[in-house]
Amino acid sequence: TIEQRYSVRKPEELFWGNKGLGQNASFDERNDVYKQFAPHLAHESASRAIADWGGDKSKITHVISISCTGIIVPGLDFSVIKSLGLGTHVQRYSVLMMGCFGGVTGVKLARSIAAEDPNNVCLVVCCELCSLHLQLDDRSDNIIGACLFGDGSSSIVVGGSAIPENEDDFSEIWESMQIV
């Protein structure tokens, strides 16, 4: 049921592994593209999640970033804190290189932090640029990966006033998630 895949680059600008355009592109070359585009995507999804939450962004106490398709130092979380104008009090965490399980880990971490103190409000930002790692060969894992994964970012606010009135009704949480 996947109707569309998104990419931060035009098809002719993609690396396509070692059989096509950008042959044998190094991780550094791919990561340079990640550094260029990931902060903007992360900022956009974080901004939408905060708007949907409707709370005061100054109440955010933690930012958790998740990614396995690139690395930025000092971190995507730092970039989001800076771009949103959050205070220096905000604690930051990075969940890196966990693959698809990273998003679940980030939400579990946010839940744990929120459970520690009712004043804790976590902004969870997951950003992946899968198109940077497409491989142009007929191995089934490459074909499936290219079919399933595109570039995008999703964010959610967890904790404090972000918790639904009925804790068993998580439909409000899933509806508040924003995918860019």
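Here is a short report on the structure shown in this document. Being a predicted model, the structure only gives us computed values, none of them experimental.

1. Re helix α3 (residues 101-116)
Each α-helix winds once per 3.6 residues, and so residues spaced three or four apart point in a common direction.
For step 1, the next point in the chain: Taking 1.5 Å per residue as the helical rise, α3 with its 16 residues ought to reach 22 Å, and the 23 Å between its terminal C-alpha atoms agrees with that figure.
For step 2, the next point in the chain: All of the buried residues along α3 are G102, T105, G106, A110, I113 and A114.
For step 3, the next point in the chain: Where α3 is buried, its residues touch β1 (62-67), β2 (91-96), β3 (122-129) and β4 (151-158).

2. Some thoughts on the environment of V90
For step 1, the next point in the chain: Within the secondary structure, V90 sits in the loop between α2 (76-84) and β2.
For step 2, the next point in the chain: Looking at V90, the relative accessible area reads 9%, which means it is buried.
For step 3, the next point in the chain: V90 sits 31 residues away from V121 along the chain, and the two C-alpha atoms are 9.8 Å apart.

3. So, the side chain of N120
For step 1, the next point in the chain: Mapped onto the fold, N120 is located in the loop between α3 and β3.
For step 2, the next point in the chain: Polar side-chain contacts of N120 include one of 2.8 Å to the backbone oxygen of I113.

4. So, a nonpolar patch on the surface
For step 1, the next point in the chain: On the surface, a nonpolar cluster with roughly 470 Å² of combined accessible area is contributed by F27, I71, V73, L96 and M97.
For step 2, the next point in the chain: Residue placement: V73 occurs in the loop between β1 and α2.
For step 3, the next point in the chain: Of the residues examined, V73 reaches a relative accessible area of 74% and is grouped as exposed.

5. Considering the pairing of β2
For step 1, the next point in the chain: Examined bridge by bridge, β1 and β2 share six bridges and lie parallel to one another. Following the sheet pairing, H62 is matched in β2 by Q91.
For step 2, the next point in the chain: In this fold, the crossover linking β1 to β2 by way of α2 has right-handed handedness.

6. So, the nonpolar core
For step 1, the next point in the chain: Of all hydrophobic cores here, the largest spans 26 residues; its most connected members are I60, V63, V80 and L123.
For step 2, the next point in the chain: Counting residues per element, the ones that place at least two in this core are α1 (27-53), α2 and β3.
For step 3, the next point in the chain: Ranked by residues supplied to this core, first place goes to α1 with nine residues.
For step 4, the next point in the chain: By size, the runner-up hydrophobic cluster in this structure holds ten residues, among which are I64, A110, C122 and V124.

Conventions and cut-offs
- Each chain has its residues counted from 1, running along the sequence as written.
- Owing to the predicted nature of the model, reporting of local features is limited to residues with pLDDT of at least 70; listing and counting of side-chain atom pairs is limited to 80 or more, with chain, interface and lining totals taken over all residues.
- Where side-chain values are given, they derive from all heavy atoms of the structure, hydrogens and water being excluded.
- Secondary structure is summarised from DSSP: a helix means a run of H or I of at least four residues, a strand means a run of E of at least two, and numbering begins at the N terminus for each.
- Under the convention used throughout, the expected extent of a helix is 1.5 Å for every residue step, that is, one less than its residue count.
- Each residue is assigned to one of three classes by its accessible area relative to the maximum for its type, calculated with a 1.4 Å probe on protein chains only: buried under 20%, partly exposed between the two thresholds, exposed over 50%.
- Whether two residues are in contact is decided by their heavy atoms: any pair within 4.5 Å suffices.
- Any pair of nitrogen or oxygen atoms within 3.5 Å is treated as a polar contact; in protein, a donor-acceptor pairing is required on top of that, and neighbouring residues in sequence qualify only through side-chain atoms on both sides.
- In this analysis, a patch consists of residues with relative accessible area above 30% that form no salt bridge, clustered at 9 Å for like charges and at 5 Å for the nonpolar side chains Val, Leu, Ile, Met, Phe, Trp and Tyr.
- Only the protein chains shown count as cover for residues, with accessible areas throughout obtained via the Shrake-Rupley method and a probe of 1.4 Å.
- By definition here, a salt bridge exists when the distance from a side-chain nitrogen of Lys or Arg to a carboxyl oxygen of Asp or Glu is within 4 Å.
- Two strands are said to pair when DSSP picks up at least two bridges between them.
- Crossover handedness is defined by viewing with both strands directed away from the observer: a clockwise path from the first strand over the helix to the second marks the crossover as right-handed.
- As used here, the term nonpolar core means buried Ala, Val, Leu, Ile, Met, Phe, Trp, Tyr and Cys residues forming a set that is joined through side-chain atoms within 4.5 Å.

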